[in-house]
Amino acid sequence: MIIKYITRLIVLLNIIFYGKSYTEDDEMKEKVIVLCTSILVLVLVCVVAIGLKAKEKNSTKKEKKTELIEETSSELETTTEEETTTEPETEALVDPTKPMVALTFDDGPSRENTNRILDVLKEHNARATFFVVGYNIDGNEDVLKRIADEGSEVANHTANHKQLTEIEDDAELDSEINTVRNKIVEVTGQEVVPLRPPFGDVDERVMARIQDPVILWAIDTLDWKTRDAASTVANVQENIFDGAIVLMHDIHGETADAVVQIVEWLDSQGYQMVTVSELGEYRRGGLTTGVKYGSLKPEETATAEEAEAVEEDTTHGEE
Ligand code: NI
């Protein structure tokens, strides 16, 4: 109807502007124009309708896309959050209610074997304590740095591996104890540097001159004596207990071989491998200076008895 009126208006305008009269011919023209415009309008409506539909489809697609992007980005956010909370704090991975042991390595560092042991520890998210001697530090400072960087602990095994109780001169005794301690603090930035006296030998006089906790051991693998990986592994498997401090030597290739199996086995048995200081932290709220620790069992409370787990034979590490 509207179209009809519009065409009539056009025809009327024609008459007005060109002075044409409304004839039969004009009526025919009108009909043609009405038909043509009707078709045109129909086509236009169709085009517009199709266009709108296409737009709708596009926008829903876009919405879906943005939803997807939002989902993935939120997933990414959560993963990065998890990473940031777990990565810097290796301690957070330790469950204090579950068994834990402290593997310790004396007489290193050894460029080859200490690094091999660190590789194995890293693979199993395990840590250990390395009691280094002064004469093996020079040129291996990067190994000390790696130990600390990977969450393990560098500890003091004195400058020259002398029997401390036999040193009569106080200045020499202090030098034996503190030279390595100072070097470790310098390289790693550690505040506490646990000390293991060579041959496990200390007396009251020596204890009084040591400014850090003294660490002995509960399980002597005798790795230095047997120089046999299978024997070292068996020794750990037979004697291990929750809170044990295990004695090994990272200067021997056979010990590094054994560690591959020991770490894997301990892991499979549910033992968490922590540093001596971590063991002290979880079991006693920290290690105390002036106390000798041979093990840190969960049920123990009296620190004075800690060293009693140490075996009689303390002649380890004699080369
Ligand atoms: Ni030693």
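Look up: the structure comes first, before these words.
No experiment lies behind these values; they were computed from the predicted model shown.

Asker: What is the right way to look at helix H9 (residues 253-268) in this model?
Answerer: An α-helix turns once per 3.6 residues; consequently, residues spaced three or four apart project the same way. With 16 residues, H9 extends 23 Å from end C-alpha to end C-alpha; this agrees with the ideal 22 Å at 1.5 Å per step. Along H9, the sharpest change in direction is near 25 degrees and occurs at Val259. Within H9 the residues assigned to the buried category are Thr255, Ala256, Ala258, Val259, Ile262, Val263 and Leu266. Check the buried side of H9 and you find it contacts strand E1 (100-108), helix H3 (111-123), helix H7 (223-226), helix H8 (229-239), strand E6 (245-249) and strand E7 (272-273). Gly270, located one to two residues past H9, shows a positive phi value of around 85 degrees.

Asker: When you look at the coordination of the nickel ion in this model, what are you seeing that I'm missing?
Answerer: Ideal geometry at a metal centre: 109.5 degrees between donors when four sit tetrahedrally, and 90 or 180 degrees when six sit octahedrally. Donor atoms from the polypeptide that coordinate the nickel ion comprise Asp107 (OD), His157 (NE2) and His161 (NE2), at 2.1 to 2.3 Å from the metal. Counting gaps between the donor residues of the nickel ion yields the pattern D-x49-H-x3-H. In this pair, Asp107 sits in strand E1 while His161 sits in the loop between strand E3 (153-156) and helix H5 (170-188), placing the two residues 54 residues apart along the sequence. Note on His161: relative accessible area 9%, which makes it buried.

Asker: Just to check I follow, could you spell out the packing of helix H4 (residues 141-149) against H5 for this structure?
Answerer: Angle between the axes and distance between the axes: these two values describe a pair of packed helices. The contact between H4 and H5 brings their axes to 9 Å, and the two run at 65 degrees. With respect to their mutual orientation, H4 and H5 come out roughly perpendicular. Relative to H5, H4 is oriented so that their crossing is right-handed. On the side of H4, the interface is formed by Glu141, Leu144, Lys145 and Ala148, while H5 contributes Lys183, Val187 and Thr188.

Asker: I'm lost on the pairing of strand E2 (residues 129-132) in this one. Help?
Answerer: Across a regular strand the side chains alternate sides, sitting on one face of the sheet and then on the other. Side chains Thr129 and Phe131 project from E2 onto one buried face, and the interleaved Phe130 and Val132 project onto a second face that is buried too. With 4 bridges joining them, E1 and E2 adopt parallel strand pairing. Considered in E2, the bridge of Gly108 is made with Val132. Running through H3, the crossover from E1 to the neighbouring parallel element E2 is right-handed.

Asker: How should I be thinking about the environment of His161 in this particular structure?
Answerer: Considered as a pair, His161 and Ile177 are 16 residues apart in the sequence and their alpha carbons are 9.9 Å apart. In terms of polar contacts, His161 uses its side chain to reach the side chain of His157, at 3.0 Å.

Asker: In this structure, what is going on with the pairing of E6? I would like to understand it.
Answerer: In terms of residue burial, E6 counts as a mostly covered element, since 5 of its 5 residues are buried. Neither face of E6 is left uncovered, since the one carrying Ile245, Leu247 and His249 and the one carrying Val246 and Met248 both have all their residues buried. Sheet analysis places E1 next to E6, joined by 5 bridges and oriented parallel. Its bridge partner lying in E6, Asp106 is registered against His249. Strand direction decides the pairing type here: strand E5 (residues 219-220) and E6, joined by 2 bridges, are parallel. What sits directly across from Asp220, in E6, is Leu247.

Asker: What is the right way to look at the environment of Glu278 in this model?
Answerer: Relative to the helices and strands, Glu278 is located in helix H10 (residues 276-284). Using a relative accessible area of 8% as the deciding quantity, one classes Glu278 as buried. Sequence separation of Glu278 and Val94 is 184 residues, and the distance between their C-alpha atoms is 9.3 Å. Within the structure, Glu278 has its side chain in polar contact with the backbone nitrogen of Thr275 (distance 2.9 Å).

Asker: What is the right way to read the packing of aromatic side chains from this model?
Answerer: Between two aromatic rings, the relevant description is the distance of the centres plus the angle of the planes. Scanning the entire structure with this criterion turns up 1 aromatic pair. Plain terms: the ring middles of Phe105 and Phe130 are 5.2 Å apart, the flat faces sit at 20 degrees to each other, and that makes the pair stacked. Taken as a pair, Phe105 in strand E1 and Phe130 in strand E2 lie far apart in primary sequence, 25 residues in all. The buried category is assigned to Phe105, whose relative accessible area is 0%. For Phe130, a relative accessible area of 0% gives the class buried. Lys297 extends its terminal NZ or CZ atom over the ring of Phe241, reaching a point 5.2 Å from the ring centre.

What counts and how
Residues numbered from 1 in each chain as written. Predicted model: local features only at pLDDT ≥ 70, side-chain atom pairs only at ≥ 80, totals over all residues. Heavy atoms only, no water. Helix = DSSP H or I, 4+ residues; strand = E, 2+ residues; numbered from the N terminus. Expected span 1.5 Å × (residues − 1). Bend = angle between axes of the 7 residues up to and from the residue. Buried < 20%, exposed > 50% of the residue type's maximum accessible area, 1.4 Å probe, protein only. Contact = heavy atoms within 4.5 Å. Donors = N, O, S within 2.8 Å, 3.2 Å for Na, K, Ca; no water. Axes fitted to C-alpha atoms, helices over the stretch in contact; angles between N-to-C directions. Parallel < 35°, antiparallel > 145°, perpendicular 65-115°, else oblique. Left-handed = near helix turned anticlockwise from the far one by under 90°. Pairing = 2+ DSSP bridges. Right-handed = clockwise from strand over helix to strand, strands pointing away. Polar contact = N/O pair within 3.5 Å; in protein donor to acceptor, adjacent residues only side chain to side chain. Phe/Tyr/Trp six-rings, centres within 6.5 Å; stacked < 30°, edge-to-face > 60°. Lys NZ or Arg CZ within 6 Å of the ring centre and 35° of its normal.

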